[in-house]
Structure formats: C-alpha cells, structure tokens
Amino acid sequence: MTKIVVVGGGAGGMELLGKIGRKLGKKGKAEITLVDVCDHHIWKALLHELATGSLDEGINAVDYRVHGANTGYRFEQGALSGIDRINRKVILAPMTDKDGIEVLPERQIDYDYLVLGIGAVTNDFGIPGVKEHCNFLDLTTQAMDLRQKILTRFLQYAKNPDHDHFEIAIVGSGATGVEMAAEMHHAADILRGYGYEISPDLLKVNLIEAADRVMPGLEQDSLQKAVDTQLRDLGIEIHTGTMVTEVTAEGMKTKCGKFIQADLMIWAAGVKAPEVLSTLDLQTNKANQIKVHQNCQSIDDPRIFSFGDCAECPQPDGSFTPPRGQTARQMALLIGDHLMKLRKDDKAELKPYVYHNLGGFVNMSKFHTVGNMFTFMKGGVNVHGWPARFVYTTLYRRHMLAIHGPVKGVFMLALNGMQRWMRPELKIW
Ligand SMILES: Cc1cc2nc3c(=O)[nH]c(=O)nc-3n(C[C@H](O)[C@H](O)[C@H](O)COP(=O)(O)OP(=O)(O)OC[C@H]3O[C@@H](n4cnc5c(N)ncnc54)[C@H](O)[C@@H]3O)c2cc1C
C-alpha cells in the first residue's frame, strides 16, 4: 500500500488530510501518517485570539489522534529532524517533556511520498534580545503561555496602585500585530466586566513598525487608513518608521534613539521557515523555504512535496507564492490531487499551482473588520464592518468543514456556536 507521510497539520496540512484521509486512508487505499510537534490543531490565523482568551482551545482545538481515527490517518507526535532520502524515511527528534526528560526516542517513518508543510516561525532578524525577551505567536503552546502572562499581569497591575499602566509593545503591524493589538483592548473590556479592577487608561499598547505606515502589505489605501484610524481610536500608540535595534527585559531600543518601555513584548515582524528545513539535503532559499517546482514537487526529489509558508513556489510572472492562509490551503489541496493520481500512475502529469489572490481581511476584534474581495474585478471590492466580519468568520467555517467533512462539519460548527454562547466570552483559566 502507498505510504504517505504529511509533516505539519496546520492550515494547509489539515485540509490535505481531510481530503486524502477520506478518499484514500479510510478506504484502505493508502497508509497515511501525520507528524506534528503539537498534539492538536488550531487555525494559526486565530492564535492571537487564543492568546487573549477570546478563543477557547477546549472548544476549537482539533485533536490529531481523534481526527485521524475518524478521518483515516495515523498520528505520530514529534518534531521533524531529518530525512533519509535513499531509504525513504522521515526522522523525528526524540520527544522530551517540560522538564527535559525523554518521553519517546528518535523515530523513523517510511514513506513513498512525503509532504512537508511545517509553516513559518517569526523572524527575529538576529536582533539582540528578541529571542530572550519577546513572546511569539508561532505555536498554540506559545499562545497559551502568552494568555497566562496577560491574565496574570492584568490581575497584578489592576490591584497595584504603583502601576499606572500595563505597557505592551508589539513589533510588526501586519495582520498578526494589528489584530493582537485590538484583541488586547477587547480582553481588557471583558475582564473589566468580570470584575477585574482595570481603569480605562491602564492598558497602553505600543505598535512598532519599521515601514512608514501600518499594514504596509495592504494595497488599498482606504482600508489601510481605516485600520490606522481604528487603532488610534482605541488609544493604541503607533510608532511607524521605527526600527528596533535591541530588546532588553525593560523594553525596546530603537534606531532613532528612543526607548519604548514595556511590561510584555510580542514580536510579530516577518516570518521565515523553520531552520530544520535547511538541514534536509533539499535546496532551500535564504528564508529556509524548500524550493519546489510550480507543481509543488521538490526540485531535488519527485517524491517530496511542500506547500504553504515553508515552500518557495515559482509563479509564471517570476514571483513566488506569498505566505498566506489561502496559499497554504490551495497548494495543499492540489498536492492531494497529485497524490491520488500518483498512487495509480507514478508517472502521472501534475498540474502546476497558480496563485489567485482571493482578497484578504483584517479583523480588529469586536471593534471593526475591513477586507477586500471579488478580486476578479479590477481592484476588487472593499468591505467594512459586519459584512467584512461575516466573510472573515466564514473563512474559518470553511476550514472546519474541509477538516471534518460537510455533515460532521456543520454539526461541529453549530455546537461550537452554542458553546460560545453558553460559555464566558473570555477564557480566564
Ligand atoms: C496571529 C496570526 C494571524 C494571521 N492572519 C492571517 C490572515 O488574516 N490572512 C492570512 O492569509 N494569513 C494569516 N496568517 C498567516 C497564516 O496563518 C499562515 O500563512 C498559514 O497558517 C500557513 O499555513 P501552513 O499550513 O503553511 O502552516 P501552519 O498553519 O503554520 O502549520 C504548520 C504546522 O506544522 C507544525 N510544525 C512546525 N514545525 C514542525 C516540526 N519541526 N515538525 C513537525 N511539525 C511541525 C506546527 O505545529 C503546525 O501544526 C496569520 C498568522 C498568525 C500567526
């Protein structure tokens, strides 16, 4: 039986598994294994909500073992550490617990086809002190650790008259930084309602951006202005044209000589693929992304595919696919088609991947949502407020339907909706 190993059960990986699990794994046509460092999946674009408690992992997390049993794949927890391409084996690093005690030894898994989709990690650009003092939003475990810190500090500072402010510095004003900044204000509002003694001016969020405007990647000026206005209305202090040169335990030093004091720092400035990819004997670019042909097949090995944030996939106009949720999803689903063809004919012709920008959304918590859609029309259509919020939440619903299948997916979403209504708006333990 064809052995398929997928490394990375993220935004793209889970949709791929939903597809090949139901069509191949469940029908006994292929032996599919998922490898992931975590034991559950949460859509990465919602990690900022997990970090503030707006999203409850108890409701939204998908357990890989349970999902695999229902969908037709096996799950092996562990971190990718190598590939033996001659003997077609994936190597997983020994797994240790929080105290560094080994739980599982190094393991090897056989494959006929290997799919690598381990996403991206935040790029610290080698700036001193970032790794030591900043928080990151790359993994669900990091988001959950951050939630504990945020809640503890709100509790501590609200009760302590010596603290005028709870100062947060967020570096990077892309979707992650902007959405996290707005989420912090949402969390403060809800906690106040739960009896935390948070004065209206306790929370002070600094958003630091090297470019000369927030959301520099957002092409539409009117949307960019709407984001800027909303952030300022919330009282968020925006520092554009500001390069951080060093991070200390007390705050951030900038190139222009400013020192931005902070009690909690979050680094969300740029991404690169995980370092391990540059050690696999596959060609990678400077950002550690695996170089693939346009059909997502590694340029070094036709049995290896890669997609999403960790792949450099060329496009007909000479550009490369951007690291976005929609890219990961579309590439992963195409790889699913390839695997189904290759299982029957290992010389099958594989379709190239062509990136179509389907638009994008920025959700500033309950305060405002903006986006651009219908991109087949010149310039697309800009949307604001509840219609934008509706489309934004629909993207998550579509992800859940792809993972669970249409029938189970609808029930899961209905159940999630009811649980959200019945449970506290913010998870505080
Ligand atoms: C807060 C936030 C907001 C975002 N908002 C948007 C948005 O609005 N629009 C948009 O298009 N994109 C957004 N993104 C980016 C989007 O989430 C990513 O582009 C997308 O998740 C990439 O999908 P992927 O499948 O390539 O990787 P991921 O979804 O990152 O999945 C990677 C998986 O690999 C696993 N993994 C990592 N390392 C290893 C290893 N060594 N061994 C085994 N497993 C490993 C991880 O646990 C994870 O499950 C946002 C990201 C963040 C953090």
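Residues numbered from 1 in each chain as written. Predicted model: local features only at pLDDT ≥ 70, side-chain atom pairs only at ≥ 80, totals over all residues. Heavy atoms only, no water.

Going by an unreviewed UniProt entry, the protein carries the name NADH dehydrogenase and comes from Ferrimonas marina. Among the UniProt annotations of the protein, the heading Cofactor (unreviewed entry) holds the following wording: "FAD". In its Sequence similarities (unreviewed entry) section, the UniProt record describing the protein reads: "Belongs to the NADH dehydrogenase family." (UniProt positions renumbered as here; feature names shortened; annotations may be inferred.)

Q: Could you give an account of the overall build of the protein, naming the residues involved and the relevant values?
A: For the protein, the helix and strand inventory stands at 11 helices and 26 strands. Taken against the 2.2 N^0.38 rule, which gives 22 Å for 429 residues, the C-alpha radius of gyration of the protein at 22 Å falls within 12% of a compact globule. Taking the principal axes of the C-alpha coordinates as reference, the protein spans close to 70 × 50 × 45 Å. Within the protein, counting contacts between residues at least 6 apart in sequence, those at least 24 apart form 65% of the total. Roughly 19700 Å² of accessible area belongs to the protein as shown, and the carbon and sulfur atoms make up 55% of that amount. Mean positive and mean negative side-chain charge positions of the protein (48 and 50 charges, respectively) differ by 7 Å. (Helix = DSSP H or I, 4+ residues; strand = E, 2+ residues; numbered from the N terminus. Rg over C-alpha atoms; globule rule 2.2 N^0.38 Å. Contact = heavy atoms within 4.5 Å. Areas by Shrake-Rupley, 256 points an atom, 1.4 Å probe, with all protein chains shown as cover. Lys, Arg positive; Asp, Glu negative; His and termini not counted. Charge placed at Lys NZ, Arg CZ, Asp CG, Glu CD.)

Q: Tell me about the UniProt feature "domain: FAD/NAD(P)-binding" (unreviewed entry) in the protein, and please be specific about residues and values.
A: Within this numbering scheme, the UniProt entry marks residues 3-331 as carrying the feature "domain: FAD/NAD(P)-binding" (unreviewed entry). Segment residues 3-331 splits into 29% helix and 25% strand. End C-alpha atoms: 20 Å apart.

Q: So, unusual backbone geometry: which residues are in play, and what are the values?
A: Phi at F125 is positive, roughly 50°, even though this residue is not glycine. Of note, F125 is situated in the loop between β12 (121-122) and α5 (130-133). When its relative accessible area of 52% is taken as the criterion, F125 is described as exposed. Despite not being glycine, N288 has its phi angle at roughly 65°, a positive value. (Buried < 20%, exposed > 50% of the residue type's maximum accessible area, 1.4 Å probe, protein only.)

Q: How would you summarise helix α10 (residues 386-404) if you had to cite specific residues and measurements?
A: Helix length check: α10 (19 residues) gives 27 Å between terminal C-alpha atoms against 27 Å at 1.5 Å per residue, within 8%. Looking at the residues trailing α10, positive phi occurs at G405, about 85°. (Expected span 1.5 Å × (residues − 1).)

Q: Any details on the nonpolar core? Residues and values, ideally.
A: Within the largest apolar cluster, 112 residues are counted, with the highest numbers of intra-cluster contacts made by L116 and F154. When residues in this core are grouped by element, the largest group, 9 residues, is from helix α7 (residues 175-193). Mapping this core onto the domain boundaries places at least three of its residues in each of domain 1 (2-120 + 273-344) and domain 2 (130-269). Ignoring sequence-local partners within four residues, the contact set of L116 consists of V7, L80, I83, L280, L282, I290, I304, F305, S306, F307 and C310. (Core = buried A, V, L, I, M, F, W, Y, C linked by side-chain atoms within 4.5 Å. Domains from an automatic or database assignment.)

Q: Residue-level account of the site of the ligand, with values.
A: In the vicinity of the ligand there are 30 residues, among which A11, G12, D36, D309 and G325 approach most closely. Within the side chain of Y64, an N or O atom sits 3.5 Å from an oxygen atom of the ligand. Within the backbone of G325, an N or O atom sits 2.9 Å from an oxygen atom of the ligand. For the ligand, the accessible surface in isolation is 990 Å², of which the surrounding protein chains cover 87%. Taken together, the residues of the shell around the ligand sort by class into 15 nonpolar, 11 polar and 4 charged. Two domains each put at least three residues into the shell around the ligand: domain 1 (2-120 + 273-344) and domain 2 (130-269). (Near = heavy atom within 4 Å. Polar contact = N/O pair within 3.5 Å; in protein donor to acceptor, adjacent residues only side chain to side chain. Nonpolar A, V, L, I, M, F, W, Y, C, P; charged D, E, K, R; others polar.)

Q: Would you mind going over the pattern of salt bridges in detail, with residue names and values included?
A: Under the criterion given, the structure shown has 18 salt bridges. Notably, a salt bridge pairs R74 with E76, separated by 3.1 Å at the nearest N-O pair. According to the relative accessible area criterion, R74 is partly exposed, its value standing at 40%. For the salt bridge of D189 with R192, the shortest nitrogen-to-oxygen distance reads 3.1 Å. Placement of both D189 and R192 in helix α7 is noted, with a separation of 3 residues, approximately one turn of the helix. The class for D189 is partly exposed, based on a relative accessible area of 31%. (Salt bridge = Lys/Arg side-chain N within 4 Å of Asp/Glu carboxyl O.)

Q: Give a detailed account of the packing of aromatic side chains, specifying residues and quantitative values.
A: Applying the stated criterion across every chain yields a total of 4 aromatic pairs. Aromatic side chains Y157 and F166 sit 5.4 Å apart centroid to centroid with 90° between the ring planes, which places their arrangement in the edge-to-face category. The two residues Y157 and F166 agree in class, both being buried. One aromatic cluster in this structure is built from F154, Y157 and F166. Lying across the ring of Y113, R303 places its NZ or CZ 5.1 Å from the centre. (Phe/Tyr/Trp six-rings, centres within 6.5 Å; stacked < 30°, edge-to-face > 60°. Lys NZ or Arg CZ within 6 Å of the ring centre and 35° of its normal.)

Q: For the domain arrangement of the protein, give the residues involved together with the corresponding values.
A: What the domain assignment lists for the protein is domain 1 (2-120 + 273-344) and domain 2 (130-269). Computed from C-alpha atoms alone, the centre-to-centre distance between domain 1 and domain 2 is 31 Å. Taken together, the 17 residues of domain 1 in the interface contact 15 residues of domain 2. Summing the contributions of domain 1 and of domain 2, the shared interface buries around 1300 Å²; its carbon and sulfur component is 66%. Summed over the three residues of domain 1 that lose the most area to domain 2, namely H48, A51 and T52, the buried surface amounts to 41% of that side. At the junction of domain 1 with domain 2, the criterion picks out 1 salt bridge. One salt bridge connects E57 with R147, and the closest N-O pair in it is separated by 3.0 Å. The tally of links between domain 1 and domain 2 comes to 8 residue pairs in polar contact (both at pLDDT 80 or more). Residue contributions to the side of domain 1 that touches domain 2 peak at 6 residues, all from helix α2 (residues 47-52). (Buried area = accessible area lost by both parts, 1.4 Å probe.)

Q: Tell me about a nonpolar patch on the surface, and name the residues and values.
A: On the surface, F374, F376 and M377 cluster together to form a nonpolar patch covering roughly 360 Å² of accessible area. Looking at the element boundaries, M377 is found in the loop between β25 (368-373) and β26 (381-384). (Patch = residues over 30% accessible without salt bridge, like charges linked within 9 Å, V, L, I, M, F, W, Y side chains within 5 Å.)

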